[in-house]
Amino acid sequence: MVIHTAKFLLSSPSFDKCPTANKPEYAFIGRSNVGKSSLINMLTGQKNLAKTSSTPGKTQLINHFLIESSNAKKQKQQWYLVDLPGYGYAKRSQTDRRRWEQMIENYLRKRSNLVQVMVLIDSRHTPQKNDLAFVNDLDKWEVPFSLVFTKADKEKPAVVQKHVQLFLDALKATWQFLPQVFITSSEQKTGREELLDFFEQNNLRVAENDMIG
């Protein structure tokens, strides 16, 4: 996949205020400070598309970006990349957290053109309870998702692999099938081609099966 343009489209306070659900959509979510904005910028090749911040919990709305790309067959594709608010940030009121949680749950369960949720996990750490709880919620809601381990350049490869395996082992305790896994580094552009190929193949599948009107 070659990305030709990527532009910010809209920030929405709820799923029913999002753009018309007529294009394949991929939502990025993870704990606050997991490197979500940096990953989006790396994938799209634009340094400032998604606003990075040293302050966790900065993203508070559903942010849509319109992507125009072409696949290996030179076919043009248009799709949405979505930046969702991070979870697990403690320095907010319980009311704020619950409002965000409800907004995210409604979006994930009701957005009809959502093809895949990309759950970002910090590869520097052993499995975190809120990450495991979130992916278990996705499984319960039957929302398709993949795991994207970030910041792989910040640890030795053996440590990253160990943390990835520990996370998968935690899922194996109750799951029969495991999600697809990507290992990434925004600084080194690790995983970029694999993720873009994943989006390309899913866009083709959606188009071939006429899954979105």
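For the structure itself, consult the block above.
Here's a quick rundown of the structure.

Scoring rules and cut-offs
- Residues numbered from 1 in each chain as written.
- Predicted model: local features only at pLDDT ≥ 70, side-chain atom pairs only at ≥ 80, totals over all residues.
- Heavy atoms only, no water.
- Buried < 20%, exposed > 50% of the residue type's maximum accessible area, 1.4 Å probe, protein only.
- Helix = DSSP H or I, 4+ residues; strand = E, 2+ residues; numbered from the N terminus.
- Axes fitted to C-alpha atoms, helices over the stretch in contact; angles between N-to-C directions.
- Parallel < 35°, antiparallel > 145°, perpendicular 65-115°, else oblique.
- Left-handed = near helix turned anticlockwise from the far one by under 90°.
- Contact = heavy atoms within 4.5 Å.
- Phe/Tyr/Trp six-rings, centres within 6.5 Å; stacked < 30°, edge-to-face > 60°.
- Salt bridge = Lys/Arg side-chain N within 4 Å of Asp/Glu carboxyl O.

1. Some points on helix α1 (residues 36-44)
Next up, step 1: The buried fraction of α1 amounts to eight of the nine residues, a majority that puts the element mostly inside the structure.
Next up, step 2: Those residues of α1 that fall on the buried side of the exposure criterion are K36, S37, L39, I40, N41, M42, L43 and T44.
Next up, step 3: Looking one or two residues past α1, G45 carries a phi angle of roughly 75 degrees, positive in sign.

2. Examining the packing of helix α2 (residues 94-110) against helix α3 (residues 129-141)
Packed helices, taken two at a time, are described by their axes: the angle between them and the distance between them.
Next up, step 1: Direction vectors running N to C along α2 and α3 enclose 40 degrees, while the axes themselves pass 10 Å from each other. Classed by the angle they form, the pair α2 and α3 counts as oblique. Note on packing geometry: the crossing formed by α2 with α3 is right-handed. On α3, the residues that touch E105, L108 and R109 of α2 are F134, L138 and W141.

3. A few points about unusual backbone geometry
Next up, step 1: Positive phi is not limited to glycine here, since K74 has a value of about 70 degrees.
Next up, step 2: Note on placement: K74 falls in the loop between β3 (62-70) and β4 (76-83).
Next up, step 3: Residue classification places K74 among the exposed residues on the basis of a relative accessible area of 71%.
Next up, step 4: A positive phi angle, close to 60 degrees, is found at K189, a residue other than glycine.
Next up, step 5: For K189, the position within the fold is in the loop between β7 (181-183) and α5 (192-208).

4. Let's talk about the packing of aromatic side chains
Next up, step 1: Going through the model one piece at a time under the given rule, you end up with ten aromatic pairs.
Next up, step 2: Taking 5.6 Å as the distance between ring centres and 90 degrees as the angle between the ring planes, the aromatic pair formed by Y26 and W79 counts as edge-to-face. Of this pair, Y26 sits in strand β2 (residues 25-30) while W79 sits in strand β4, placing them 53 residues apart in sequence.
Next up, step 3: Here the aromatic cluster, defined as three or more aromatic residues joined through ring pairs, consists of Y26, F28, W79, F182, F198 and F199.

5. Some thoughts on the pattern of salt bridges
Next up, step 1: This model, assessed by the stated rule, comprises eleven salt bridges.
Next up, step 2: Between E25 and R111 there is a salt bridge, and its shortest N-O distance comes to 2.9 Å. With a gap of 86 residues between them, E25 in strand β2 and R111 in the loop between α2 and β5 (114-122) connect regions that are remote in the sequence. Assigned by exposure class, E25 and R111 land together as buried.
Next up, step 3: The residue K140 makes a salt bridge to D137 at a minimum N-O spacing of 3.6 Å.

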